[in-house]
Amino acid sequence: RWWRARQIEPERKRVPNLLSGEAPIIMVAVDTRHMDDPRHVALLRNVSLMLASGPEYRLILTTVIAPDQSGGESAQLEHRVRLKHWAEPLKLPPERVTLHVLEDTDPANALVEFARRNLVDLIALGAPGPDEAPMAWWRSVASTVTSHAHCSVHVVRLPRILRG
């Protein structure tokens, strides 16, 4: 009423409305350079739980590679295949999943900007525990994405038992 009394139309933000058919988008950042990292299992388990809450969610899988080390189209294809293999246990139909290999020297910024441009509702990514190496790739990317993202960020850590 306050806005109407002043004859001002407030800016409306995009909010997923499941009744209108608008599908919420979950973006998952996967480090395809280290596919044997145990964080992938924890991240996959968490994403699976998120997707189980409703069939309307769409999934965007992303990875970031350095432009000078990309190796052109063959590297793009290799990392896209790794993303596809990462997602296989989810058993999602192809129309619910897209795969994106971004080339950038700043992975965190690339992820944040990609999420913003694609109207992502939630970003999921892995991070090291507090007692793990402070300069780990996961930590720097996770903290930067969390602090700069326009949407919610779900940070996944390994349970202490699995960290050793």
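About the cut-offs
Residues numbered from 1 in each chain as written. Predicted model: local features only at pLDDT ≥ 70, side-chain atom pairs only at ≥ 80, totals over all residues. Heavy atoms only, no water. Helix = DSSP H or I, 4+ residues; strand = E, 2+ residues; numbered from the N terminus. Buried < 20%, exposed > 50% of the residue type's maximum accessible area, 1.4 Å probe, protein only. Salt bridge = Lys/Arg side-chain N within 4 Å of Asp/Glu carboxyl O. Polar contact = N/O pair within 3.5 Å; in protein donor to acceptor, adjacent residues only side chain to side chain. Contact = heavy atoms within 4.5 Å. Core = buried A, V, L, I, M, F, W, Y, C linked by side-chain atoms within 4.5 Å.

> Tell me about the environment of Asn109, and please be specific about residues and values.
Position of Asn109 relative to the elements: it lies in helix H4 (residues 107-117). For the pair formed by Asn109 and Thr144, sequence separation is 35 residues and the distance between their alpha carbons is 7.8 Å.

> Tell me about the pairing of strand E4 (residues 122-126), and name the residues and values.
In terms of burial, E4 is a largely internal element, five of the five residues being buried. Residue alternation in E4 divides its side chains into two sets, Leu122, Ala124 and Gly126 and Ile123 and Leu125, and both sets are buried.

> Tell me about the pattern of salt bridges, and name the residues and values.
Pairing between side chains becomes possible if they bear opposite charge and their charged atoms approach one another. Within this structure, the stated rule accounts for four salt bridges. Residue Glu78 pairs with Arg82 through a salt bridge whose shortest N-O separation is 2.2 Å. Of this pair, Glu78 and Arg82 both sit in helix H3 (residues 73-87), four residues apart, which is roughly one turn of that helix. Judged by its relative accessible area of 40%, Glu78 falls in the partly exposed class. Take Arg82: its relative accessible area is 25%, and that puts it in the partly exposed class. For the salt bridge of Glu113 with Arg116, the shortest nitrogen-to-oxygen distance reads 3.6 Å. Of this pair, Glu113 and Arg116 both sit in helix H4, three residues apart, which is roughly one turn of that helix. With relative accessibility at 30%, the residue Glu113 sits in the partly exposed group.

> Please give an account of the side chain of Arg96 that cites residues and values.
Summarising the element assignment, Arg96 is placed in the loop between H3 and strand E3 (97-103). Within polar-contact distance, the side chain of Arg96 engages the backbone oxygen of Pro55 at 3.4 Å. Contact partners of Arg96, with chain neighbours within four places excluded, come to Leu51, Gly54, Pro55, Tyr57, Arg58 and Leu59.

> I'd love a proper account of the nonpolar core, names of residues and values included.
Grouped together as the largest cluster of nonpolar side chains are 25 residues, with contacts concentrated most on Val28, Val47, Leu59, Leu61, Trp86 and Leu90. Elements supplying a minimum of two residues to this core: strand E1 (25-29), helix H2 (39-52), strand E2 (58-65), H3, E3 and E4. A total of six residues in this core trace back to one element, the largest contributor, which is H2. In this structure Leu61 touches Val28, Val30, Leu83, Trp86, Ala87, Val97, Thr98, Leu99 and His100, once residues within four positions along its chain are discounted. In terms of nonpolar packing, the next biggest core, distinct from the first, is built from 21 residues, Met27, Val64, Ala108 and Val112 among them.

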